[in-house]
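# Understanding the architecture of this molecule
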Amino acid sequence: MPASTFDIRNSIRIAGAFIAWVIGSGFATGQEMLRFYASFGLYGYGAVAVNLIGFLGMAYLLMRTGFEHKKEPGFNHFQFFCGQRLGLVYTWLIIATLILLMPVLVAGAGATLYEYYRVPQPLGSAIMTGLLLAAYLMGFERLIQVISSIGPVIIVFSLAIGCGAIAADYGQFSQIESYESALAPYQAAPNWFLSAVLHLSLNFFPPSMYFTRLGVSAASKQELRAGAFLGAFVVILCIAVMTTAILLNGNAAAGLDIPVLYLAQKLHPLLGAAFSITLLLGIFSSSSVMMWSICSRVTCWGKQGNVAFAVAVALFTYVVSLFSFGRLVAVLYPAIGYAGLLFIACVVYKNFKT
């Protein structure tokens, strides 16, 4: 095999870009680990195990699809997986889904800037919205260069906080079962297995177009496979570590908007300020991908029309982001997970069939 068909640096770039999507405000704050995993107590590890397989498989399948159809202009992965009619429904549903997701992340940015730096929340949200619009106007390739370097930094920071919390509170492992009653009200689904599937859907239905585009950027299937597996494995490792850290502090972490902040401050007060910067980077990385995924679907109006649409999306994002961050996460994240279940089923069915 020629050396040019596999470049480990490109695989790392793909892994970093994959991580950048997953590490949004819900993930970086610990809200997702609390609601989809830790809220089920020890059964949360069952959800982690399910998604170890789910993340590895879905990341590779979506990126491989993009790679195999890179020479087809206008390729629609929704219609490829779901058929003509259902694919058309998902083609338009995904735009509405992403438009609703972006304000959640921007609301988290506004809340973070206010809590740590006393920047008024409307101004903080406006700053983040402006950065997202600027990132979109830079173009996809430049966007990937920027956000692929952000994801690994956030993962390292999250793992450091999680491992530090586990080391400090390991003696409380026997108390986890007594924390289950405090954590249970924050469950995202009726049982741990459905919760795992919803989190899988939440992380692969909205960004599915972005992941197929990542596959197009790979030079070979070897690069793609290594990048997809590395990114998915690192994300699941972070989920497992952070879930454990939250479980060990169940009574204190339950119901907090930013559970990871509590863990960071418990280790050292200065980690709070450092975490705020990390959180803002995570919000930017994930939201910028959403902005590109939304606006790249609108191509019939020409360049000027596309820019005008991007500005309209940014304005809508800013207005909705003024609502409560915690409430937006609790309502919208599970709902979007349910909306993507049929798409996930279609992806699995299509690949088993072929």
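Look up a bit, the structure's there.
Within any chain, residue numbers begin from 1 and follow the written order of that chain's sequence. Selection of residues for local features in this predicted model requires a pLDDT of at least 70, selection of side-chain atom pairs for listing and counting requires 80 or more, and totals for whole chains, interfaces and linings are taken over all residues. Hydrogens are left out, water is left out, and the side-chain values use all remaining heavy atoms of the structure.

## A short note on the packing of aromatic side chains
Centres within 6.5 Å make a pair out of two Phe, Tyr or Trp rings, where for Trp the six-membered ring is used; the pair is then stacked when the planes are under 30 degrees apart, edge-to-face when over 60, and tilted otherwise. Applying the stated criterion to the full structure yields 17 aromatic pairs. Each ring, one from Phe 78 and one from Phe 205, has its centre 6.3 Å from the other, and the planes form 65 degrees; the classification is edge-to-face. Of this pair, Phe 78 sits in helix 5 (residues 77-82) while Phe 205 sits in the loop between helix 10 (192-204) and helix 11 (208-216); the two residues are 127 residues apart in sequence, bridging distant segments of the chain. Through a chain of ring-to-ring contacts, the aromatic side chains of Phe 75, Phe 78, Phe 80, Phe 81, Tyr 90, Phe 205 and Phe 343 assemble into a single cluster. Here Arg 118 stacks its cationic end above the ring of Tyr 114, 5.0 Å away from the centre of that ring. In our convention, an over-ring charge means Lys NZ or Arg CZ found within 6 Å of a ring centre and within 35 degrees of that ring's normal. Its guanidinium or amino end placed over the ring of Phe 80, Lys 350 lies 4.7 Å from that ring's centre, counting from NZ or CZ. Helical segments are the DSSP runs of H or I of at least four residues, strand segments are the runs of E of at least two, and each set is numbered from the N terminus.

## Some remarks on the packing of helix 6 (residues 84-117) against helix 7 (residues 121-138)
Geometrically, a packed helix pair is captured by the angle between its two axes and the distance between the axes. Note on definitions: angles span 0 to 180 degrees between N-to-C directions of axes, and those axes are lines fitted to C-alpha atoms, for helices only across the stretch in contact. One way to put it is that helix 6 packs onto helix 7 with a least axis distance of 8 Å and a crossing angle of 130 degrees. Relative to helix 7, the element helix 6 lies oblique. For the crossing formed where helix 6 meets helix 7, the hand is right-handed. Two secondary-structure elements touch here, helix 6 through Met 102, Val 106, Ala 107, Ala 109, Gly 110, Ala 111, Leu 113 and Tyr 114 and helix 7 through Gln 121, Gly 124, Ser 125, Met 128, Thr 129 and Leu 132. Among the residues making up the contact of helix 6 with helix 7, the classes are represented as nine nonpolar, five polar and no charged. By definition in this entry, angles of less than 35 degrees are roughly parallel, angles greater than 145 are roughly antiparallel, angles of 65 to 115 are roughly perpendicular, and the rest are oblique. The hand of a helix crossing depends on one turn: near helix anticlockwise from the far one by less than a right angle means left-handed, and clockwise means right-handed. The contact definition used throughout considers only heavy atoms, calling two residues in contact when any of these lie within 4.5 Å. Ten residue types, Ala, Val, Leu, Ile, Met, Phe, Trp, Tyr, Cys and Pro, are classed as nonpolar, four, Asp, Glu, Lys and Arg, as charged, and the remainder, Gly among them, as polar.

## Here we look at the pattern of salt bridges
Between Lys or Arg on one side and Asp or Glu on the other, a salt bridge is scored when a side-chain nitrogen of the former is within 4 Å of a carboxyl oxygen of the latter. Inspection of the entire model under this criterion finds four salt bridges. The residue Arg 9 makes a salt bridge to Asp 7 at a minimum N-O spacing of 3.2 Å. A salt bridge links Lys 221 to Glu 68; the shortest N-O distance between them is 2.8 Å. Placement of the pair is Lys 221 in helix 12 (residues 221-248) and Glu 68 in helix 4 (residues 44-68), with a sequence separation of 153 residues.

## Description of the environment of Ala 168
By the element assignment, Ala 168 lies in helix 8 (residues 140-169). Using a relative accessible area of 55% as the deciding quantity, one classes Ala 168 as exposed. The spatial distance from the C-alpha of Ala 168 to the C-alpha of Ala 245 is 9.5 Å, given a sequence separation of 77 residues. Think of it in three bands: residues with accessible area under 20% of the maximum for their type are buried, residues over 50% are exposed, and the middle band is partly exposed, with areas taken using a 1.4 Å probe on protein chains only.

## What to know about the packing of helix 4 against helix 12
It is the contact of helix 4 with helix 12, at a shortest axis distance of 9 Å, that shows an interaxial angle of 155 degrees. Taken together, the axes of helix 4 and helix 12 are roughly antiparallel relative to one another. For helix 4 against helix 12, the interelement crossing comes out right-handed. Across the contact of helix 4 with helix 12, the residue classes break down as 19 nonpolar, two polar and four charged.

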